[in-house]
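# Overview (structure and organization)
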Amino acid sequence: MRKDHRPYWMKRLQLRWRNWRTEYFLLPQFDAVGVEPEVMDPSSVYVFGSNVRIGNYPHLISNAEKCIRFTTFGHKGGEAFITIGDYVLISPGVRISAAQSIEIGNACMIAANVYISDSDWHGLYNRTRPFRCTAPVRLGNNVWIGDSATICKGVSIGDNSVVGAGSVVTKDIPANTVVAGNPAKPVKSINPKRRMITREALFADAFRQSHNLDELDKMMLKGNSLLGWLRSVAFPRRGD
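Residues numbered from 1 in each chain as written. Predicted model: local features only at pLDDT ≥ 70, side-chain atom pairs only at ≥ 80, totals over all residues. Heavy atoms only, no water.

Taken in spatial order, the six strands of this open sheet run E1-E4-E7-E10-E13-E16, and their pairing is parallel. Whereas interior strands pair on both sides, the edge strands pair on one side only; in this sheet they are strand E1 (32-33) and strand E16 (156-157). Inspection of the sheet shows strand E7 (residues 81-84) paired to strand E10 (residues 101-104) by four bridges, in the parallel sense. Considered in E10, the bridge of Ile 84 is made with Ile 104. (Pairing = 2+ DSSP bridges. Helix = DSSP H or I, 4+ residues; strand = E, 2+ residues; numbered from the N terminus.)

Below, the structure is given as structure tokens:
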């Protein structure tokens, strides 16, 4: 559909239903969740294992075709941890798998199909023995991971750095650096003296933002009716 044909009241009702499903079914699976989580499709976010924590104002975008998966499976009988900061965006198809520890800082943006793991999960020579090569992963604040990138074990990425789409990161990345390739290598520097606007700015006034989005919905859905929506579903036509 080119246009959302739902009447305003229907969208508000669906949002309430989605938020209830998030609160009742999804959030209890985390060990801790901050305020105002935004989850586009709670049925396509999967949490396996304990010690998965996420901060304030997270935004999880997923769908049935591209789920978001958080997995902790401790090596050598120990515990594993996934810790995610505030204002983080996680896109469809992201997989975060920890055998020891994965830490993601505030205001990070993780694009679609990214894979982050702190373990090879199997030994190089004895492939029946898991967790032989495990080392913590850390992403600093305001890190941007591009589409389909892979972040390997033992990697630390500094504040504000960017990982290009499709890159494979096998070594540490300093702050304020853009990397790309397989293996990822520096291609550009970010000027640390320039003002950096992060996702935190979106939530400086959460009430105002929510009000503005609601007003936008009223404007975009103005004139829509239940019969018009049913017609668009049952009898779509050119321009819908």
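Next comes the rest of the write-up.
Another point: the pattern of salt bridges. Overall, the coordinates contain nine salt bridges when judged by the stated rule. Between Asp 240 and Arg 231 there is a salt bridge whose closest N-O contact spans 2.6 Å. The class of Arg 231 is partly exposed, set by a relative accessible area of 23%. Connected through shared salt-bridge partners, Arg 12, Asp 214, Glu 215 and Lys 218 make up one network. (Salt bridge = Lys/Arg side-chain N within 4 Å of Asp/Glu carboxyl O. Buried < 20%, exposed > 50% of the residue type's maximum accessible area, 1.4 Å probe, protein only.)

On to the state of the cysteines. For the structure shown, the criterion picks out zero disulfides. As a non-bridged cysteine, Cys 108 has Cys 152 as the owner of its nearest cysteine sulfur, 17 Å distant. Owing to a relative accessible area of 0%, Cys 108 belongs among the buried residues under this scheme. Distance from the sulfur of Cys 152, which forms no disulfide, to the nearest cysteine sulfur (Cys 133) is 12 Å. (Disulfide = S-S within 2.5 Å.)

As a further point, take the environment of Ser 189. Mapping Ser 189 onto the fold places it in strand E20 (residues 185-189). A C-alpha to C-alpha distance of 8.6 Å links Ser 189 and Ser 161, two positions 28 residues apart in sequence.

This paragraph deals with the side chain of Asn 224. Looking at the element boundaries, Asn 224 is found in the loop between helix H2 (206-220) and helix H3 (226-234). Among the polar contacts made by the side chain of Asn 224, one reaches the main-chain carbonyl oxygen of Arg 6 at a distance of 2.9 Å. What Asn 224 contacts, discounting residues up to four positions off in sequence, is Lys 3, Asp 4, His 5, Arg 6 and Pro 7. (Polar contact = N/O pair within 3.5 Å; in protein donor to acceptor, adjacent residues only side chain to side chain. Contact = heavy atoms within 4.5 Å.)

Among the nonpolar cores identified, the biggest contains 36 residues, and Phe 70 and Ile 116 are the most heavily contacted of them. If you list the elements that add at least two residues to this core, you get strand E3 (45-48), strand E4 (52-54), strand E6 (68-72), E7, strand E9 (95-98), E10 and strand E13 (137-139). Discounting residues that sit within four places of it in the chain, Phe 70 has contacts with Phe 30, Val 45, Tyr 46, Val 47, Phe 48, Val 52, Leu 60, Ile 82, Ile 84, Ile 90 and Ile 96. (Core = buried A, V, L, I, M, F, W, Y, C linked by side-chain atoms within 4.5 Å.)

Another point: the packing of aromatic side chains. Considering all chains together, one arrives at eight aromatic pairs under this definition. Between Phe 30 and Phe 70, the aromatic rings sit 5.7 Å apart at their centres with planes inclined by 70 degrees, giving edge-to-face as the arrangement. With Phe 30 in the loop between helix H1 (8-26) and E1 and Phe 70 in strand E6, this pair connects stretches of sequence that are 40 residues apart. Both residues of the pair, Phe 30 and Phe 70, count as buried. Plain terms: the ring middles of Tyr 87 and Phe 203 are 5.7 Å apart, the flat faces sit at 25 degrees to each other, and that makes the pair stacked. (Phe/Tyr/Trp six-rings, centres within 6.5 Å; stacked < 30°, edge-to-face > 60°.)

Before going further, it helps to examine a nonpolar patch on the surface. Residues Trp 9, Leu 13, Leu 226, Leu 227 and Leu 230 make up a contiguous nonpolar surface patch of about 540 Å² in total accessible area. Counting residues per element, the nonpolar patch draws most heavily on H3, which supplies three residues. (Patch = residues over 30% accessible without salt bridge, like charges linked within 9 Å, V, L, I, M, F, W, Y side chains within 5 Å. Areas by Shrake-Rupley, 256 points an atom, 1.4 Å probe, with all protein chains shown as cover.)

A few words on the layout of surface pockets. Taking a probe equal in size to a water molecule and rolling it over the atoms shows the remaining empty space. Taken as a whole, the largest pocket spans an internal volume of roughly 890 Å³. Arg 18, Glu 38, Gln 209, Ser 210 and Leu 213 are the residues nearest the centre of the largest pocket, which is lined by 26 residues in total. Listing elements by their share of the lining of the largest pocket, those giving two or more residues are H1 and H2. Partitioned by chemical class, the residues of the lining of the largest pocket number eleven nonpolar, five polar and ten charged. Considered as a void within the structure, the second largest pocket measures approximately 180 Å³ in volume. Lining the second largest pocket, in full, are Ala 107, Met 109, Asn 142, Val 143, Trp 144, Asn 160, Val 162, Ile 190, Met 196, Ile 197, Thr 198 and Arg 199. The residue inventory of the lining of the second largest pocket, partitioned by class, reads eight nonpolar, three polar and one charged. (1 Å grid on protein atoms, 1.4 Å probe; cavity = no way out; pocket = protein on both sides within 12 Å on 5 of 7 lines; lining within 4 Å. Points joined across faces, edges and corners; volume = space filled by probe spheres on them. Nonpolar A, V, L, I, M, F, W, Y, C, P; charged D, E, K, R; others polar.)

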